[in-house]
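# Close look at the chain arrangement
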Amino acid sequence: MLIYRLLLLTLLCSSLECASCVARVFQNENIVCVCNETYCDDLTLIYNVPDNQAVLYETNKAGARFSSSFLNFSSFKPPDIPVLIVNHSQMGQFILGFGGAFTDAAGINIKSVSEQLQEKILQSYFSDNGLQYNMGRVPIASCDFSTRPYSYDDVADDFDLKYFQLAKEDFLYKIPYIRYAASLSKDELLLFGSPWSAPAWMKTNNAMNGKGSLKGQPGGKYYQTWANYFV
């Protein structure tokens, strides 16, 4: 069975003219393609779809990777197959988009591989041939995916934020990949910042982790400084 699936994967790549997949088998039968300098799973979208047809993109355990095929709705014969009617004039909800987080850990792992592979990885998420992510969460200072706790102002009682500054992690692991992702995205890359913690000196437990809240009361100097920190 395993030999059959590996053969099928080879045939699929030959028929689709895709780059060679470096197959890795896990749990005895499941196959994944290892992303390397020459290959990453990518998706070629078909935009000009005829009326009454849809495109099916399929990835399976046998080794198919985003293989495309057409579904012809005119061949469906109710009631054997359910019929869905989409009303384009009535909106149920609005979705801004999909994405991931530009954490220190993500940057560290991306930076650990070659530049060619870095490009492949980011293209697989943000480019037209990838997942087309258009959003990114940016941790404000450190988070649970950082190698150390840090804020942008670790100087105690600096209520004027005179010592506020970005950290080395921002310049090494966040900003470069945010910029590159933005250059790959066909749409504007939406970013939102979210903190894991206020600076330790602003909190009741004087620590970046653990249970602790802002010192004082809403409207007080700690709350105002925390608001200014956001700005």
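Conventions adopted
- Residues numbered from 1 in each chain as written.
- Predicted model: local features only at pLDDT ≥ 70, side-chain atom pairs only at ≥ 80, totals over all residues.
- Heavy atoms only, no water.
- Helix = DSSP H or I, 4+ residues; strand = E, 2+ residues; numbered from the N terminus.
- Contact = heavy atoms within 4.5 Å.
- Areas by Shrake-Rupley, 256 points an atom, 1.4 Å probe, with all protein chains shown as cover.
- Patch = residues over 30% accessible without salt bridge, like charges linked within 9 Å, V, L, I, M, F, W, Y side chains within 5 Å.
- Salt bridge = Lys/Arg side-chain N within 4 Å of Asp/Glu carboxyl O.
- Pairing = 2+ DSSP bridges.
- Axes fitted to C-alpha atoms, helices over the stretch in contact; angles between N-to-C directions.
- Buried < 20%, exposed > 50% of the residue type's maximum accessible area, 1.4 Å probe, protein only.
- Disulfide = S-S within 2.5 Å.
- Parallel < 35°, antiparallel > 145°, perpendicular 65-115°, else oblique.
- Left-handed = near helix turned anticlockwise from the far one by under 90°.
- Nonpolar A, V, L, I, M, F, W, Y, C, P; charged D, E, K, R; others polar.
- Lys, Arg positive; Asp, Glu negative; His and termini not counted.

### Here's the deal with the overall build of the protein chain
- When helices and strands are counted, the protein chain shows 5 helices and 7 strands.
- Written out in order from the N terminus, the α and β elements of the protein chain read α-β-β-β-β-β-α-α-β-α-β-α.
- Excluding contacts between residues fewer than 6 apart, the proportion of contacts in the protein chain whose partners are at least 24 apart in sequence is 54%.
- Carbon and sulfur atoms make up 55% of the accessible area of the protein chain, which totals about 15,400 Å².

### As for a nonpolar patch on the surface
- On the surface, a cluster of nonpolar side chains totalling about 400 Å² of accessible area is made up of Met91, Phe94 and Leu96.
- Within the element layout of this structure, Met91 appears in the loop between strand S4 (67-72) and strand S5 (99-101).

### A look at the sheet that holds S5
- The 3 strands are arranged S5-S6-S7 in an open sheet whose pairing can be described as parallel. Each edge of the open sheet is held by one strand with a lone partner, namely S5 and strand S7 (190-195). In this sheet, neighbouring strand axes are inclined to one another by 20 degrees on average, regardless of whether the strands run parallel or antiparallel.

### Regarding unusual backbone geometry
- If you check the backbone angles, Leu161 has positive phi at about 55 degrees while not being a glycine.
- Position of Leu161 relative to the elements: it lies in the loop between strand S6 (135-140) and helix H4 (168-184).
- Accessibility expressed as a relative area gives 15% for Leu161, which makes it buried.
- In this structure, Asn206 is a non-glycine residue whose phi angle is positive, near 55 degrees.
- Tracing the sequence through the fold places Asn206 in the loop between S7 and helix H5 (221-230).

### So, the state of the cysteines
- The tally for this structure, following the rule as stated, stands at 1 disulfide.
- The partner cysteine of Cys35 in its disulfide is Cys40, sulfur to sulfur 1.5 Å.
- A relative accessible area of 29% places Cys35 in the partly exposed class.
- Taking relative accessible area as the criterion, Cys40 reaches 9% and is therefore assigned buried.

### Some words on the packing of helix H3 (residues 115-126) against H4
- Between H3 and H4, the shortest axis-to-axis distance is 9 Å and the interhelical angle comes to 55 degrees. The orientation of H3 relative to H4 falls into the category oblique. The handedness of the crossing between H3 and H4 is right-handed. Contacts between H3 and H4 involve Gln118, Glu119, Leu122, Gln123 and Phe126 from the former and Tyr177, Tyr180, Ala181 and Leu184 from the latter.
- When the residues that make up the contact of H3 with H4 are grouped by side-chain class, the tally is 6 nonpolar, 2 polar and 1 charged.

### Some thoughts on the side chain of Asp153
- Here Asp153 is to be found in the loop between S6 and H4.
- At 11 Å, Lys162 is the nearest oppositely charged side chain to Asp153, a buried residue that forms no salt bridge.
- Those residues within four positions of Asp153 in sequence are excluded, and the remaining contacts are Asp158, Leu161, Lys162, Tyr163, Phe164, Pro199, Trp201 and Tyr229.

### A closer look at the pattern of salt bridges
- Inspection of the entire model under this criterion finds 3 salt bridges.
- The shortest N-O distance in the salt bridge between Asp104 and Lys174 comes to 3.7 Å. One end of the pair, Asp104, is in helix H2 (residues 104-111); the other, Lys174, is in helix H4, with 70 residues separating them in the sequence. Lys174 matches Asp104 in its accessibility class, with the two residues each being buried.
- Note that Asp170 and Lys174 form a salt bridge whose closest N and O atoms lie 3.3 Å from each other. Highlighted residues: Asp170 and Lys174, both in helix H4, separated by 4 residues, approximately one helical turn. Comparing Asp170 with Lys174 shows no difference in burial state: the two are buried.

Any functional reading would require information that these geometric values do not contain.
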